[in-house]
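The lines below spell out each chain.
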Amino acid sequence: MDEKPLTVCLRYYGISPWEIEVIYNLFNEKFEVIQEETEQTELNFVSALTVIIPLPFSEEFFKWFGFKAWEKVKSIIKEMKRRRGKGNAIIVEILFTGKPNVRFVTDLSENHNFNSAIEKIDSVVELLPYHLNDSNIPSDPSEVLYKYDIESGKWKLNQVWTGFGGSAGRKKFIFTKKGWNVVT
């Protein structure tokens, strides 16, 4: 994409040195990588991994990064869940920066559902333009958050932020059965 290397940020806690080394090496082939081991922030989870990718969520990203490399990223994340067993053992967040930022968060307790969610992240790339052009979505989103819906077996838009900057210019919307509701 760019000539100069972009920087991926890995923030984590409760991740083994082996696991973080594998993830680091996968991203280090295309990016500079910053690692930040943090304190436990989610009391319900033994481990957490946040991957911030400095490129838009798009088909071009997956072609450039390599489908085989992306499969390896998904495999190590699923292995991390397997090693921790059932329950709320790990929460994974993957953020692609762009217009808008696209964030995926999975904190599913059942291994099968967790693996299915991780496996289907890249399939959302085909649906994103339709989701963003839906007349019901708040206009001009700066960030969208997807959560995996177990019942349908699909990633669904869960939250949308509009505006940029501080809290004064930014609004958060959550999707409910009645549609998008602003949260203050």
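Residues numbered from 1 in each chain as written. Predicted model: local features only at pLDDT ≥ 70, side-chain atom pairs only at ≥ 80, totals over all residues. Heavy atoms only, no water.

Draft legend 1. Layout of the packing of aromatic side chains. Applying the stated criterion across every chain yields a total of 20 aromatic pairs. When the ring of F61 is compared with that of F65, the centres are 5.4 Å apart and the planes differ by 15 degrees; the resulting orientation is stacked. Of this pair, F61 and F65 both sit in helix α2 (residues 59-65), four residues apart, roughly one helical turn. Exposure class is identical for F61 and F65. Each is buried. (Phe/Tyr/Trp six-rings, centres within 6.5 Å; stacked < 30°, edge-to-face > 60°. Helix = DSSP H or I, 4+ residues; strand = E, 2+ residues; numbered from the N terminus. Buried < 20%, exposed > 50% of the residue type's maximum accessible area, 1.4 Å probe, protein only.)

Draft legend 2. Representation of the pairing of strand β9 (residues 179-183) in the model. The pairing of strand β8 (residues 171-176) with β9 spans five bridges and is classified as antiparallel. Along β9, the bridge assignment pairs F175 with W180. With antiparallel pairing between neighbouring strands as the criterion, β8 and β9 make up a hairpin whose turn holds two residues. (Pairing = 2+ DSSP bridges.)

Draft legend 3. Representation of the environment of H131. Positionally, H131 belongs in helix α5 (residues 128-133). For the pair formed by H131 and N44, sequence separation is 87 residues and the distance between their alpha carbons is 31 Å. Setting aside residues up to four positions removed in sequence, H131 forms contacts with I137, Y146 and L157. A polar contact of 2.6 Å, which involves the side chain of H131, links it to the side chain of Y146. (Contact = heavy atoms within 4.5 Å. Polar contact = N/O pair within 3.5 Å; in protein donor to acceptor, adjacent residues only side chain to side chain.)

Draft legend 4. Structural context of the pattern of salt bridges. According to the stated counting rule, one finds 13 salt bridges in the structure shown. Here K74 ties to E119 by a salt bridge, and the two come within 3.0 Å at their closest N and O atoms. Of this pair, K74 sits in helix α3 (residues 67-84) while E119 sits in helix α4 (residues 111-119), and the two are 45 residues apart along the sequence. Residue classification places K74 among the buried positions, given a relative accessible area of 2%. A relative accessible area of 31% means that E119 is categorised as partly exposed. For the salt bridge of D122 with K74, the shortest nitrogen-to-oxygen distance reads 3.3 Å. Linking D122 in the loop between α4 and α5 with K74 in helix α3, this pair joins segments that are 48 residues apart in sequence. For the pair D122 and K74, a shared accessibility class is recorded, and that class is buried. Connected via shared salt-bridge partners are E71, K74, K78, E119 and D122. (Salt bridge = Lys/Arg side-chain N within 4 Å of Asp/Glu carboxyl O.)

Draft legend 5. Broad picture of unusual backbone geometry. The step from K99 to P100 runs through a cis peptide bond, and the omega angle for that step is 0 degrees. Within the secondary structure layout, P100 lies in the loop between β4 (90-96) and β5 (101-106). The phi dihedral of D140 falls on the positive side, at around 55 degrees, and the residue is not glycine. Note on placement: D140 falls in the loop between α5 and β6 (141-149).

Draft legend 6. Summary view of the pairing of strand β2 (residues 32-37). Summarising the sheet, strand β1 (residues 7-13) and β2 pair through six bridges and their orientation is parallel. Residue pairing in the sheet places Y12 in a bridge with E37 of β2.

Draft legend 7. Region of the structure containing α3. Here α3 is 18 residues long and its end C-alpha atoms lie 26 Å apart, about the 26 Å a rise of 1.5 Å per residue gives. Among the residues of α3, A69, W70, V73, K74, I76, I77, M80, K81 and R84 are the ones counted as buried. The buried side chains of α3 occupy one side of the element, clustering within an arc of 155 degrees when seen end-on. In α3, the exposed positions that point more than 90 degrees away from the buried face belong to K68 and R82. (Expected span 1.5 Å × (residues − 1). Arc of directions from axis to C-beta.)

Draft legend 8. Just the side chain of T50, in detail. Inspection of the secondary structure assignment puts T50 in strand β3 (residues 47-53). Owing to a relative accessible area of 17%, T50 belongs among the buried residues under this scheme. Look past the residues within four positions of T50 in its chain and what remains in contact with it is C9, L10, R11 and E93.

All quantities given are derived from atomic positions and should not be read as evidence of function.
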